[in-house]
Amino acid sequence: MELVTLSQPELDRLAGLQCYLDSHLTQSEAARQLGISERQFRRLIRRLEAEGPGGVRSRRRGRPGNNRLSPATIARALELARRAGSTPSPAKAAAARRNGAKGGRPRKIAS
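Residues numbered from 1 in each chain as written. Predicted model: local features only at pLDDT ≥ 70, side-chain atom pairs only at ≥ 80, totals over all residues. Heavy atoms only, no water.

Points about the confidence of the model for the protein
Looking at the protein as a whole, its pLDDT mean stands at 82, while 86% of the residues score no less than 70. Within the protein, the lowest mean pLDDT, 74, falls on helix α5 (residues 90-98), and the highest, 92, falls on helix α3 (residues 38-51). (pLDDT = per-residue confidence, 0-100. Helix = DSSP H or I, 4+ residues; strand = E, 2+ residues; numbered from the N terminus.)

Observations concerning α3
Because an α-helix completes one turn every 3.6 residues, residues spaced three or four positions apart along the sequence face the same direction. The end-to-end C-alpha distance of α3, which contains 14 residues, comes to 20 Å, matching closely the 20 Å that a straight helix rising 1.5 Å per residue would cover. Among the residues making up α3, those that are buried are Phe41, Leu44, Ile45 and Leu48. Across the axial projection of α3, the buried residues extend over an arc of 105°, all falling on one side. On the buried face of α3, the contacting elements are α1 (8-21) and α2 (27-34). Phi for Gly52, located one or two positions after α3, is positive at around 80°. (Expected span 1.5 Å × (residues − 1). Buried < 20%, exposed > 50% of the residue type's maximum accessible area, 1.4 Å probe, protein only. Arc of directions from axis to C-beta. Contact = heavy atoms within 4.5 Å.)

A few points about the nonpolar core
One finds Leu6, Leu14, Leu17, Leu25, Ala30, Ala31, Ile36, Phe41, Leu44, Ile45, Leu48 and Val56 forming the largest nonpolar core, which totals 12 residues. Put simply, the parts of the chain that give this core at least two residues each are α1, α2 and α3. Examining the composition of this core, we find that 4 residues originate from one element, α3, more than from any other. (Core = buried A, V, L, I, M, F, W, Y, C linked by side-chain atoms within 4.5 Å.)

What about the pattern of salt bridges?
Should the charged atoms of two oppositely charged side chains come close, the side chains can pair. For the coordinates displayed, the defined rule picks out 3 salt bridges. Here Glu79 ties to Arg82 by a salt bridge, and the two come within 3.2 Å at their closest N and O atoms. In this pair, Glu79 and Arg82 both sit in helix α4 (residues 71-84), 3 residues apart, roughly one turn of the helix. Taking the relative accessible area as the measure of exposure, Arg82 reaches 36% and is therefore partly exposed. Among the charged side chains, a network of salt bridges with common partners joins Glu79, Arg82 and Arg83. (Salt bridge = Lys/Arg side-chain N within 4 Å of Asp/Glu carboxyl O.)

Comments concerning the side chain of Glu10
Note on placement: Glu10 falls in helix α1. Other than its neighbours up to four places away in sequence, Glu10 contacts Thr5, Val56, Arg57, Ser58 and Arg61.

Here's the deal with the packing of α1 against α2
In the contact formed by α1 and α2, the axes pass within 9 Å of each other and the chain directions differ by 165°. Accordingly, the angle class assigned to the pair α1 and α2 is roughly antiparallel. Between α1 and α2 lies a crossing whose hand is right-handed. Contacts from Asp12, Arg13, Gly16 and Tyr20 of α1 reach α2 at Gln27, Ala30 and Leu34. When its residues are assigned to classes, the contact of α1 with α2 shows 3 nonpolar, 2 polar and 2 charged. (Axes fitted to C-alpha atoms, helices over the stretch in contact; angles between N-to-C directions. Parallel < 35°, antiparallel > 145°, perpendicular 65-115°, else oblique. Left-handed = near helix turned anticlockwise from the far one by under 90°. Nonpolar A, V, L, I, M, F, W, Y, C, P; charged D, E, K, R; others polar.)

Regarding the packing of α2 against α3
Packing of α2 against α3 brings their axes to within 9 Å, and their N-to-C directions diverge by 100°. Here α3 runs roughly perpendicular to α2, going by the angle between their axes. Here Gln27, Ser28, Ala30, Ala31 and Leu34 of α2 lie close against α3, whose contacting residues are Glu38, Phe41 and Arg42. Across the contact of α2 with α3, the residue classes break down as 4 nonpolar, 2 polar and 2 charged.

Structure, rendered in structure tokens:
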């Protein structure tokens, strides 16, 4: 038997699918409870039947997000911010310091 690791939302999906398979809920009721379309629910049922519990696991697990910036783009943005003499946000300032930039936001000096 294969050990499958599932997140809490994936376990909730598995429970909803199992309720449908045990004839406690209709497809539309189970899909509504899970917050997905009936079409997506049918896809998950097919994957569960074909692959077992691992079929409900996210296919995106371990992959970077689609909107991730390339390292070259990040480096270019940080360089432009350094040239402008300021950093646009505290998070970007922290990222710039981690990447070797000196300075950061000007600080007030107590008089």
